[in-house]
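Coordinate inspection notes
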There are 2 protein chains.
Amino acid sequence: MNKPIGIFDSGVGGLTVAAAIKRVLPNESFVYFGDTRHSPYGDKSEDTIRGYSDRITDFLLAQDCKAIVIACNTASALAYTFLTQKYPDVPIINVVDPVVAHVGSKINNKVGIIATRATTKSGIYRKKLRKLNAKLQVVAAATPLLVGVVEEGFTNTKVSQGAIETYLGSKKFSDVTTLILGCTHFPLLQKEIETFYNGRAEVVDSPELVAHYLKYRLAQTQLLEASLMPNYSFYVSEFTDNFNRVAKMFFGEDISLEEKML
Amino acid sequence: MNKPIGIFDSGVGGLTVAAAIKRVLPNESFVYFGDTRHSPYGDKSEDTIRGYSDRITDFLLAQDCKAIVIACNTASALAYTFLTQKYPDVPIINVVDPVVAHVGSKINNKVGIIATRATTKSGIYRKKLRKLNAKLQVVAAATPLLVGVVEEGFTNTKVSQGAIETYLGSKKFSDVTTLILGCTHFPLLQKEIETFYNGRAEVVDSPELVAHYLKYRLAQTQLLEASLMPNYSFYVSEFTDNFNRVAKMFFGEDISLEEKML
C-alpha cells in the first residue's frame, strides 16, 4: 500500500522525531509538515493551536497519510484529544503518552519536566503521570530560552550551560531522579543536561520512545510497510532561512523543502 | 483635539518606545498594539509582515490616531515604505531613520548593528547609513537569542554575558566605534553591552531618539497635544501570560490589556 506517515510540528523541532522514525522504521515513508508561519506554538492559546493542528492534519490526510504523529509537545498537550475525536479512524500518536508510559511505572520517583510555556501551563505530563502512578512526585518548569539556545547553535557553550544551571539549579529540580525533555528541541541538549545531573537523574527524551510506540501501533493496525524505497517529503507553511539552516542539525542530513500555506 | 498616537510592535518590545514617548511627550495619549498572535516577526517573510502591519495601521487609524509609530525594527525594515505609500496623509515614524540620522553623520566611524534575522537580512540600516555617509564601515549580525534572553529575564546573568560575548566577541564586532541596538528588546541589555565594550564603542538604542523625532514631526504638522490628562490604551492580538509578565519590565509600570484579534 505504501502510504506515508504524517508528522507535524510548529517548526523544526519535530525533525528529531522524524529522524528517530527513520531509524526505527526504515521502510516507512513520511510527509513532514513544519508550521513555520505560525511558529512557535509555545506561547499561543489552546484554540489557536487546535485550529492550526486541525488544518495540518487535514492536509496530511489529503496526502494519503495512514497515521499522524503530533511531533510537538505543545500541540500534543492542547490538540491531541480534539484530533482523535475529529479523526477517530486514523491512528494519531502524540509525543507525551509514550514518555509517560516509560516514566510513570517507576516507583519512588521524583520526575521533573521542562517544556514550553504552553505545555507547562497545560499540566499534561503531571496529569497523565499522576493518573498512572498517584505516588509520583512531579515538578515542572517552562524553559523557553532553551529552544532559542538550540536553534541558534549555542549548545555546548557558556550560554547553554548557564541557562541549564539557572533553570535546573533550583532546589525544586536538583533532586529529581528523572528529567523529561518535554520539547522536541531538547534532545540536542541531552548530553549537557546529563552532564549537569552527573548520573543523579535519568534524562528522558521522546523521539526514540515515540518511534517505537508508532511501530507498535502500526503493527497492531496492520499498517506496517515493507517498502524498500521509502520516500520523505518536507513541507513548511513559510520558507524561512532559519528552518533551512537548522534542519540538518535536527534531522541529521540535508532536506529539500516545499512551501505550502494552509 | 486630543487624538492619540498609534504605536505598534510584534509584541512587547515596542513598549520600550512607548515608555520613551511617555517621558518625552508627557501630554500625548497613545494606543499601543502588540501583535502577540503573530509574534515574533523576526523570522517571517516581507509579505506576511506587510499584511500584519497594514491591518494594525488600519485598526489604529480607526481608533482616531493622528500619527503612527512602527515600534518594531522588523516592521520598520519591511513595511514602512509600503505604509507611507498607502497612508500618505498620516505621519508615520519608523524606529530606523532617527537612529540612522544620529549615527550616520559621524565621520571615521565603524558601525555595528545587531537585530533580528529579518531586520538583518533586509540590510535596512546598512543601506540607509551608506546613503547618508558612503565612507562608513558597517557590519551587521542577527542576534535572535538576545530577544529570548530579555523576555526570560536572563539579563545580568552568565547567560546574557555569554550570549553577548559570543555574538559581539568576533573580530568583526570587536573594533566597532558605534553599536546600534536594532531591536526594541535590546535597550534592556544596553548596560551589559556597554560593560562589554568598556567605553570603546557608543551603544545607541532607538526609543529616546524615536520619541524626540516624533515630537519634532508632531510639532512640524501642528499635531502636538497640550492635554494634561493623557490616556494610554494597550491592545494585544492574543492574550499571553508572557506579555503580562514582561510588560512591566519593558514599560516600567503595570498596564491593563484588551484583546483584539485583527
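Residues numbered from 1 in each chain as written. Chains lettered and ligands numbered in written order. Predicted model: local features only at pLDDT ≥ 70, side-chain atom pairs only at ≥ 80, totals over all residues. Heavy atoms only, no water.

Counting its regular elements, chain A contains twelve helices and ten strands. On C-alpha atoms alone, chain A measures out to a radius of gyration of 17 Å, which is about the 18 Å that the 2.2 N^0.38 rule sets for 262 residues. Burial statistics for chain A: of 262 residues in total, 60% are counted as buried. Long-range pairs, those at least 24 residues apart, make up 77% of the contacts in chain A between residues at least 6 apart in sequence. Per element, the accessible surface of chain A, about 10700 Å² overall, is 50% carbon and sulfur. Considering chain A, the positive charge centre built from 29 side chains and the negative charge centre built from 27 side chains are found 8 Å apart. (Helix = DSSP H or I, 4+ residues; strand = E, 2+ residues; numbered from the N terminus. Rg over C-alpha atoms; globule rule 2.2 N^0.38 Å. Buried < 20%, exposed > 50% of the residue type's maximum accessible area, 1.4 Å probe, protein only. Contact = heavy atoms within 4.5 Å. Areas by Shrake-Rupley, 256 points an atom, 1.4 Å probe, with all protein chains shown as cover. Lys, Arg positive; Asp, Glu negative; His and termini not counted. Charge placed at Lys NZ, Arg CZ, Asp CG, Glu CD.)

Once that is clear, we can look at the nonpolar core. By size, the foremost hydrophobic cluster in this structure holds 114 residues, and its most contacted members are Leu15, Val69 and Ile193 of chain A together with Leu15, Val69 and Ile193 of chain B. Those residues in contact with Ile193 of chain A that lie beyond four places of it in its chain are Ile114, Ile164, Leu168, Leu179, Leu181 and Val203 of chain A. Among the nonpolar cores identified, the runner-up in size contains 37 residues, and Phe59, Val96, Ile124 and Ile180 of chain B belong to it. (Core = buried A, V, L, I, M, F, W, Y, C linked by side-chain atoms within 4.5 Å.)

Quick look at the sheet that holds strand S7 (residues 178-181) of chain A now. All names here are of chain A. A sheet is described by the order of its strands in space; here four strands give the open sequence S6-S5-S7-S8, paired in parallel fashion. Looking at the sheet topology across the chains shown, the edges are occupied by strand S6 (137-142) and strand S8 (202-204). When strand polarity is set aside, the average angle formed by the axes of neighbouring strands in this sheet is 20 degrees. As defined by bridge partners, strand S5 (residues 110-115) adjoins S6 across six bridges and the pair is classed as parallel. Across the sheet, Ile114 pairs through a bridge with Ala141, a residue of S6. (Pairing = 2+ DSSP bridges. Axes fitted to C-alpha atoms, helices over the stretch in contact; angles between N-to-C directions.)

Right, let's talk about the interface of chain B and chain A for a bit. The partner chain A presents 31 residues to the 30 residues of chain B that form the contact. Our count for the contact surface shared by chain B and chain A stands at four salt bridges. Across the pair Glu152 of chain B and Arg117 of chain A runs a salt bridge, and its minimum N-O distance is 2.5 Å. Our count for the contact surface shared by chain B and chain A stands at twelve residue pairs in polar contact (both at pLDDT 80 or more). (Salt bridge = Lys/Arg side-chain N within 4 Å of Asp/Glu carboxyl O. Polar contact = N/O pair within 3.5 Å; in protein donor to acceptor, adjacent residues only side chain to side chain.)

With an RMSD of 0.0 Å, the fit of chain B onto chain A corresponds to turning through 180 degrees and sliding 0.0 Å along the axis. With respect to symmetry, the two chain copies, as superposed, fit the operation of a two-fold axis. Rotation axis and chain B: the residue whose C-alpha lies nearest the axis is Val159 of chain B, separated from it by 2.3 Å. The share of interface residues of chain B whose copies in chain A are also at the interface is 100%, consistent with both copies meeting through the same surface. (Least-squares fit on C-alpha atoms with pLDDT ≥ 70 in both.)

Moving on: the packing of helix H1 (residues 15-24) of chain A against helix H12 (residues 241-251) of chain A. Think of two packed helices as two axes; the pair is described by the angle between the axes and how far apart they sit. Residues and elements named next belong to chain A. Viewed as axis vectors pointing N to C, H1 and H12 meet at an angle of 40 degrees, and their least axial separation amounts to 8 Å. On the basis of their axis angle, the class for H1 and H12 is oblique. In terms of crossing hand, the pair formed by H1 and H12 is right-handed. The segment H1 lies against H12, with Leu15, Thr16, Ala18, Ala19 and Lys22 engaging Phe243, Ala247, Phe250 and Phe251. Taken together, the residues of the contact of H1 with H12 break down into seven nonpolar, one polar and one charged. (Parallel < 35°, antiparallel > 145°, perpendicular 65-115°, else oblique. Left-handed = near helix turned anticlockwise from the far one by under 90°. Nonpolar A, V, L, I, M, F, W, Y, C, P; charged D, E, K, R; others polar.)

Next up on the list: helix H11 (residues 207-220) of chain B. Residues and elements named next belong to chain B. In this model, H11 (14 residues) spans 20 Å end to end at C-alpha, consistent with the 20 Å of a helix rising 1.5 Å per residue. What H11 keeps buried is the set Pro207, Val210, Ala211, Leu214, Arg217 and Leu218. Viewed along the axis of H11, the buried residues span an arc of 125 degrees, placing them on a single side of the element. Taken from the residues just after H11, Gln222 is the one with a positive phi, measuring 55 degrees. (Expected span 1.5 Å × (residues − 1). Arc of directions from axis to C-beta.)

What follows is about the environment of Leu132 of chain B. All names here are of chain B. Residue position: Leu132 is located in helix H6 (residues 124-132). C-alpha of Leu132 to C-alpha of Val103: the two residues are 29 residues apart in sequence and 9.6 Å apart in space. Other than its neighbours up to four places away in sequence, Leu132 contacts Val100, Ala101, Gly104 and Ser105.

Excluding glycine, a negative phi dihedral is what most residues carry, and trans is how most peptide bonds are arranged. Residue and element names in this part refer to chain A. The omega torsion across Ser39 and Pro40 is -5 degrees, close enough to zero to call that bond cis. The residue Pro40 is located in the loop between strand S2 (30-34) and helix H2 (46-62) in this model. A positive phi angle, close to 55 degrees, is found at Asn156, a residue other than glycine. Mapped onto the secondary structure, Asn156 falls in the loop between helix H7 (145-151) and helix H8 (158-168). For Asn156, a relative accessible area of 65% corresponds to the exposed category.

Now for the domain arrangement of chain A. Reports often express the size of an interface as the amount of accessible area lost when the parts come together. Residues and elements named next belong to chain A. Domain boundaries assigned for chain A yield domain 1 (5-94 + 208-259) and domain 2 (97-205). For domain 1 and domain 2, the distance between their C-alpha centroids amounts to 22 Å. In this complex, domain 1 contributes 25 residues to the contact, which on the side of domain 2 involves 23 residues. When the area that domain 1 buries against domain 2 is broken down by residue, the three leading residues are Asn73, Leu209 and Met249, summing to 32%. Here domain 1 is connected to domain 2 by one salt bridge. Glu152 is the salt-bridge partner of Arg245, the closest N and O atoms lying 3.5 Å from each other. On the surface where domain 1 and domain 2 come into contact, there are eight residue pairs in polar contact (both at pLDDT 80 or more). Elements supplying a minimum of two residues to the side of domain 1 that touches domain 2: H1, helix H3 (73-86), helix H11 (207-220) and H12. For the side of domain 1 that touches domain 2, the residue count by class is 13 nonpolar, eight polar and four charged. (Domains from an automatic or database assignment. Buried area = accessible area lost by both parts, 1.4 Å probe.)

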